[in-house]
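Listed below are the residues making up each chain.
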Amino acid sequence: MNHERHNLNSQQPVTVLITRRPRKSNQKEFEQALSDTIDAALEFPGHLGVTVLKPQGDNNDYQIIVRFATQADYQRWCRSHEAAHWFKILNPLEEKPPN
């Protein structure tokens, strides 16, 4: 997962850009798993919302913009059992899973 942090101050809201590329054969399954992941994340403390930019043209990348109240909230989500569960479902659907 490619993460680009826009604000590293731990007491300020954090915006993270995530790029994911599903295999074309798994695109519908990926979209459902992504939707389920977002639903789970929205229930997590400090989550402020998410925007998904779907692929355009020949580009198969999804740009996912995630917002959390603080860096600590974002880190708690990333280290949570819920996130690990959903990433385990998403990763096999991708051309190149994140490191």
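Since we're looking at a predicted model, the values are computed, not measured.

Colleague: Would you mind going over the pattern of salt bridges in detail, with residue names and values included?
Modeller: Side chains carrying opposite charge are able to pair once their charged atoms draw close together. Counting across every chain of the model gives four salt bridges. R21 is the salt-bridge partner of D61, the closest N and O atoms lying 2.5 Å from each other. One end of the pair, D61, is in the loop between β3 (47-53) and β4 (62-68); the other, R21, is in the loop between β2 (14-20) and α1 (27-42), with 40 residues separating them in the sequence. What makes D61 buried here is its relative accessible area of 15%. With a closest N to O distance of 2.5 Å, R76 and D73 form a salt bridge. Highlighted residues: R76 and D73, both in helix α2 (residues 71-78), separated by three residues, approximately one helical turn. Looking at R76, the relative accessible area reads 47%, which means it is partly exposed. Overall, D73 belongs to the buried group, its relative accessible area being 10%.

Colleague: Outline the pairing of β4, supporting the account with residue identities and numerical values.
Modeller: Successive residues of a regular strand alternate their side chains across the two faces of the sheet. Only one face of β4 is buried: it carries Y62, I64, V66 and F68, and the other face, with Q63, I65 and R67, is open. Inspection of the sheet shows β2 paired to β4 by seven bridges, in the antiparallel sense. When the bridges of β4 are listed, L17 appears paired with I65. Taken together, the six bridges between β3 and β4 define a ladder with antiparallel strand orientation. Looking at β4, one finds that L53 is bridged to Q63.

Cut-offs used in this document
Residues numbered from 1 in each chain as written. Predicted model: local features only at pLDDT ≥ 70, side-chain atom pairs only at ≥ 80, totals over all residues. Heavy atoms only, no water. Salt bridge = Lys/Arg side-chain N within 4 Å of Asp/Glu carboxyl O. Helix = DSSP H or I, 4+ residues; strand = E, 2+ residues; numbered from the N terminus. Buried < 20%, exposed > 50% of the residue type's maximum accessible area, 1.4 Å probe, protein only. Pairing = 2+ DSSP bridges.

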